[in-house]
Amino acid sequence: METIKQHQVHGGTLRYLTHDSATTGTPMTLSVFVPPGEGPFPVLIWLSGLTCTEDNFTSKAGAYRAAAEHGLIIVAPDTSPRGDGVADDPAWDLGQGAGFYVDATQAPWTPHFRMETYVTGELIALIDAEFPTTGTRSISGHSMGGHGALTLALRHPDLFTSVSAFAPIASPSRCPWGEKAFTAYLGPDRATWDAHDATRLLESGAARGVYDDILIDQGDADPFLVEQLKPELIQAAADAVGQTVTIRMQPGYDHSYFFMASFIADHVAFHARRLEAVSR
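In this report, the structure presented in the accompanying data block is examined. (Residues numbered from 1 in each chain as written. Predicted model: local features only at pLDDT ≥ 70, side-chain atom pairs only at ≥ 80, totals over all residues. Heavy atoms only, no water.)

Turning our eyes to something else, we now look at the overall build of the chain. Helix and strand content of the chain: 9 helices and 9 strands. For 280 residues, the compact-globule estimate of 2.2 N^0.38 gives 19 Å, and the chain sits close to it at 17 Å. Taking the principal axes of its C-alpha atoms as reference, the chain extends roughly 50 × 45 × 35 Å. Across the 280 residues of the chain, 58% fall into the buried class. For the chain, the share of sequence-separated contacts (at least 6 apart) that also reach a separation of at least 24 residues comes to 71%. (Helix = DSSP H or I, 4+ residues; strand = E, 2+ residues; numbered from the N terminus. Rg over C-alpha atoms; globule rule 2.2 N^0.38 Å. Buried < 20%, exposed > 50% of the residue type's maximum accessible area, 1.4 Å probe, protein only. Contact = heavy atoms within 4.5 Å.)

Most of strand β5 (residues 73-77) is tucked away: 5 of the 5 residues are buried. Here β5 shows a buried face lined by Ile73, Val75 and Pro77 and a second buried face lined by Ile74 and Ala76. Across 4 bridges, strand β3 (residues 27-34) lies against β5 in antiparallel orientation. Following the sheet pairing, Ser31 is matched in β5 by Ala76. In this structure, strand β4 (residues 41-47) lies alongside β5, joined through 3 bridges in parallel fashion. Opposite Val43, over in β5, you have Ile73 as the bridge partner. (Pairing = 2+ DSSP bridges.)

Evaluated as defined, the whole model comprises 10 salt bridges. With a closest N to O distance of 3.0 Å, Arg137 and Asp128 form a salt bridge. Salt-bridge contacts for Arg200 lead to Glu203; the nearest nitrogen and oxygen are separated by 3.1 Å. Residue Arg200 and its partner Glu203 are located together in helix α6 (residues 198-203), separated by 3 residues, close to a single helical turn. The class of Arg200 is partly exposed, set by a relative accessible area of 27%. We classify Glu203 as partly exposed; its relative accessible area is 38%. (Salt bridge = Lys/Arg side-chain N within 4 Å of Asp/Glu carboxyl O.)

What follows concerns unusual backbone geometry. Between Gly39 and Pro40 the backbone carries a cis peptide bond, its omega angle lying at 5°. When you line up the elements, Pro40 lands in the loop between β3 and β4. Cis geometry is found at the peptide bond from Ala107 to Pro108, where omega equals 5°. By the element assignment, Pro108 lies in the loop between β5 and α3 (115-130). Phi angles above zero are rare outside glycine, and Phe100 is one such case at about 60°. Relative to the helices and strands, Phe100 resides in the loop between β5 and α3. You can call Phe100 buried: its relative accessible area is 0%.

Mapped onto the elements, Ile247 comes out in strand β9 (residues 245-250). Distance from Ile247 to Ile216, taken between C-alpha atoms, is 4.7 Å for residues 31 residues apart in sequence. If sequence neighbours within four positions are ignored, Ile247 has contacts with Ile216, Pro231, Ile234 and Gln235.

Taken in spatial order, the 6 strands of this open sheet run β1-β2-β3-β5-β4-β6, and their pairing is mixed. The sheet is open, and its two borders are formed by β1 (2-9) and β6 (133-141), each paired with just one other strand. Each neighbouring strand pair of the sheet contributes to a mean axis angle of 20°, computed without reference to strand direction. Across 7 bridges, the pairing between β1 and strand β2 (residues 12-20) is antiparallel. (Axes fitted to C-alpha atoms, helices over the stretch in contact; angles between N-to-C directions.)

Our next topic: the side chain of Ser80. Among the structural elements, Ser80 can be located in the loop between β5 and α3. When its relative accessible area of 1% is taken as the criterion, Ser80 is described as buried. Excluding anything up to four places from it in sequence, Ser80 contacts Met28, Gly95, Gln96, Gly97, Ala98, Gly99, Phe113 and Met115.

Time to look at the packing of aromatic side chains. Overall, the coordinates contain 15 aromatic pairs when judged by the stated rule. Through a chain of ring-to-ring contacts, the aromatic side chains of Phe33, Trp46, Phe57, Tyr64, Phe166, Tyr253, Phe259 and Phe263 assemble into a single cluster. One Lys or Arg, Arg274, reaches over the ring of Phe270 and ends 3.8 Å from the middle of that ring. (Phe/Tyr/Trp six-rings, centres within 6.5 Å; stacked < 30°, edge-to-face > 60°. Lys NZ or Arg CZ within 6 Å of the ring centre and 35° of its normal.)

On to helix α4 (residues 144-155). Taking 1.5 Å of rise per residue, 12 residues should cover 16 Å, and α4 covers 16 Å from first to last C-alpha, within 8% of that figure. For α4, the buried fraction is high: 11 of the 12 residues fall into the buried class. Among the residues of α4, those classed as buried are Met144, Gly145, Gly146, His147, Gly148, Ala149, Leu150, Thr151, Leu152, Ala153 and Leu154. (Expected span 1.5 Å × (residues − 1).)

Set out below in structure tokens:
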């Protein structure tokens, strides 16, 4: 990996990095915060939402004071492959900046849009090889990235100790954003979408008993709440199968990074407690 730039923050080190990805066939960028001390440290992977790069969370969420206090590495990758020759769409909710954390099976997306394999395979292996990690990790994200965090945790429970989300797309097979992206990336057969829909995964019993709680924060002033996010669907699915999901409806908060910055310390602490417990 090549370091693009580096900053000192809250006693730790924040690096912006790039590497050539064998999974996407493109350069991929990410940020990595390493707390003060020699480590080893557990890892929190953060997945960002539509239109974001690795920089949105890094510069806006204000997560590093809490990460330094709890001794967590935080990794924030870009949301999709990018570059010349990479398929794209004129709209902001499909293509570059909108990878949806799935492995595309449809042209023209198949060659590069393999974000599930990138995150769960190449990225994790790269971080464990290059940084002082304990080999344990959790995952969180916002909006499209909240969808990604939930589905990757439910599909790969062996990889993650805990999962949380801010304003996740709770059931992408039943909202316009998800229907558009899944049709493009996975094809028109809705039966194949269920494996990438957190609500449907919970309904099927995925990862039952693996996670003691799933933390979700949602602002009640979020303009996407009713049409796109639908947290009530994931709550109903969790209740039906006995999975604990804590959905905190936050009065007056919207979909912005101001919302995340207000509650990110709670999420860092949520994961730190669970990561510490598995290391004992």
